[in-house]
Amino acid sequence: MLESKRILLGVCGSIACYKAVELASLLTKAGALVDVVMTPDATRFVGPITFQSITHRKVRHDLYEHWQGDDLGHVSLAEADLAIIAPASFNTIAKLAHGFSDNLLTATLLGSTAPLLIAPTGDRHMYAHPATTANLVTLRERGITIIEPESGRLASGHEGQGRLPEPATLLGHIRLALGRNGDLAGKRVLITAAGTKEPLDPVRYIGNRSSGKMGFALAQEALDRGASVTLISGPTALKPPIGAETVWVSTAAEMADAVLAAAPQADVLIMAAAVADYRPLTMSEQKIKKGEAQLTIHLARTTDILGALAERAADMPHLLRVGFAAETENLLANAADKLHRKQLHLIVANDAATSIGSDDSSITLLDASRSETLPILPKAETAGRIIDRIVALLQGTPRGSNDNST
Ligand code: CTP
């Protein structure tokens, strides 16, 4: 989504400038054209050449640099797709709140209509000062996004709020802002991810190898296209994408409760989670001790969440239901059976042996009228193709290449 996007990265004087270097790198790697504009004070912390080496584009800090050819200095820079100031000093924040244009960054932003994100960074008391608070209120009221500073150890050694969030977090905010008017704008998408854990005793559980990567990639993709996303996830070390409302669950029963509560408000449900079909009938209150050579555990069926929703389909006629089928044999036949049995609008069939836990996947998309097999792709790209198909279903038109259609 960042390919060829023009991003204006404003950098103010702060020790956190080093994080801006990494942000410039992440944006450039993602294909964005990054124009770094530094305040004069920022150049005392990091040299322009550092940014230039990463972005391969001219780095600016001088308002009075001669305009050459088509390059009209701050006027040209202002025509970005999105602007972010990270780190943003309280001084620059005050200037922007009052319409100053006394350096290249403030002049550029005063003349820009691009969406603007500001990441205030610095001393905790300067951040908490009523003047800063008032300036941030003013900027928010103008529709500018303020990325809250994080709490922790500050450069001074004091603890407090004022840290610039990590570059990956800033990137998440940028994606969210760029995606706002995407083809899922106004849609509420509910996504489940990862596997559930069914406790046997206080220290053991029955689980599965699902990593959550596919569900999280789908959540990021839906956000990139402007959806409001609720992510219901089983335990995983993955960080939820910025902008997703995340509900953490552990067992199949908790996941069922969370999904059944959220589904009536959703336009789309994507069940990418690997939900346990059985749970131990009872959970031992104490750790199960080693005893006989064989141990028998009685299991009870869990709620089939998609099955329960199929039964309530008439109450939620607007809800587009998408399931996954991870199989080790008879992939397409099993997937087609689940599509029918769970009354789904779309099912994503994949080979459990190769896709679970992997960064790549090869899937077949099946709906009532057709099937389409995709090549092996990184999960982020696969997620894009799945969302393409969901958008098409929402619009009532079949879509996707027919190359592999059967
Ligand atoms: N699913 C669900 N509730 C469950 C189990 C699975 O909603 N208790 C969902 C999964 O999230 C997935 C789809 O149903 O989207 C298919 O899951 P899968 O485990 O492949 O199928 P099952 O219905 O469990 O059938 P089987 O185990 O026989 O393959």
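That block above? That's the structure.
Only a predicted model underlies this, so the values are computations on that prediction, with no experimental measurement involved.

A. Seen up close, the overall build of the chain. Along its length, the chain carries 14 helices and 21 strands. C-alpha extents for the chain along the principal axes are approximately 75 × 55 × 40 Å. Of all 406 residues assigned to the chain, the portion counted as buried reaches 48%. Residue pairs in contact within the chain that sit at least 24 positions apart in sequence constitute 66% of those at least 6 positions apart. As displayed, the chain has an accessible area near 19700 Å², and 52% of this comes from carbon and sulfur atoms. Computing the positive centroid from 39 side-chain charges and the negative centroid from 43, the chain places the two 3 Å apart.

B. Local environment of the sheet that holds strand β13 (residues 268-271). Within the open sheet, the eight strands sit side by side as β12-β11-β8-β13-β16-β17-β19-β20. Their pairing is mixed. The sheet is open, and its two borders are formed by β12 (245-248) and β20 (371-373), each paired with just one other strand. Direction aside, neighbouring strands of the sheet carry axes that sit 15° apart on average. Bridging between strand β8 (residues 188-193) and strand β11 (residues 228-233) involves six bridges; their strand directions are parallel. Its bridge partner being in β11, Ala-193 is matched across the sheet by Ser-233. Its contacts with the sheet put helix α9 (residues 213-224) on β8, β11, β12, β13 and β16 (320-327), and the angle it makes with β8 is roughly 165°.

C. Examining helix α1 (residues 17-29) more closely. Compared with an ideal rise of 1.5 Å per residue, which puts 13 residues at 18 Å, α1 spans 19 Å between its outermost C-alpha atoms and is within 8% of the ideal. Of the positions making up α1, those classed as buried are Cys-17, Lys-19, Ala-20, Val-21, Leu-23, Ala-24, Ser-25 and Leu-27. Buried positions along α1 lie against β1 (6-11), β2 (33-38), α2 (48-55), β3 (82-88), β7 (159-163) and α8 (167-179). After α1 finishes, the residue Gly-31 shows a positive phi value of roughly 95°.

D. Structural detail: the sheet that holds strand β5 (residues 145-146). Strand order across the open sheet formed by five strands is β2-β1-β3-β4-β5, with parallel pairing between neighbours. Each having just a single partner strand, β2 and β5 make up the two edges of the open sheet. Taken together, the six bridges between β1 and β2 define a ladder with parallel strand orientation. From the neighbouring strand, Arg-6 faces β2, where its bridge partner is Leu-33. α8 contacts β1, β3 and β4 (116-120) of the sheet and is inclined by roughly 155° relative to β3.

E. Broad picture of the packing of aromatic side chains. This model, assessed by the stated rule, comprises two aromatic pairs. With a centroid separation of 6.2 Å and 35° between ring planes, the pair formed by Phe-90 and Tyr-127 is classed as tilted. On the criterion of sequence distance, the pair formed by Phe-90 in helix α4 (residues 90-97) and Tyr-127 in helix α6 (residues 124-128) is long-range, its members being 37 residues apart. Here the two residues Phe-90 and Tyr-127 agree in accessibility, since each one is buried. Aromatic pair Phe-216 and Trp-248: ring centres 6.4 Å apart, planes at 40°, arrangement tilted. Residue Phe-216 is located in helix α9, and its partner Trp-248 is located in strand β12; the two are separated by 32 residues in the primary sequence. According to the relative accessible area criterion, Phe-216 is buried, its value standing at 6%. We classify Trp-248 as partly exposed; its relative accessible area is 46%.

Reading guide: rules and limits
- Residues numbered from 1 in each chain as written.
- Predicted model: local features only at pLDDT ≥ 70, side-chain atom pairs only at ≥ 80, totals over all residues.
- Heavy atoms only, no water.
- Helix = DSSP H or I, 4+ residues; strand = E, 2+ residues; numbered from the N terminus.
- Buried < 20%, exposed > 50% of the residue type's maximum accessible area, 1.4 Å probe, protein only.
- Contact = heavy atoms within 4.5 Å.
- Areas by Shrake-Rupley, 256 points an atom, 1.4 Å probe, with all protein chains shown as cover.
- Lys, Arg positive; Asp, Glu negative; His and termini not counted.
- Charge placed at Lys NZ, Arg CZ, Asp CG, Glu CD.
- Pairing = 2+ DSSP bridges.
- Axes fitted to C-alpha atoms, helices over the stretch in contact; angles between N-to-C directions.
- Expected span 1.5 Å × (residues − 1).
- Phe/Tyr/Trp six-rings, centres within 6.5 Å; stacked < 30°, edge-to-face > 60°.

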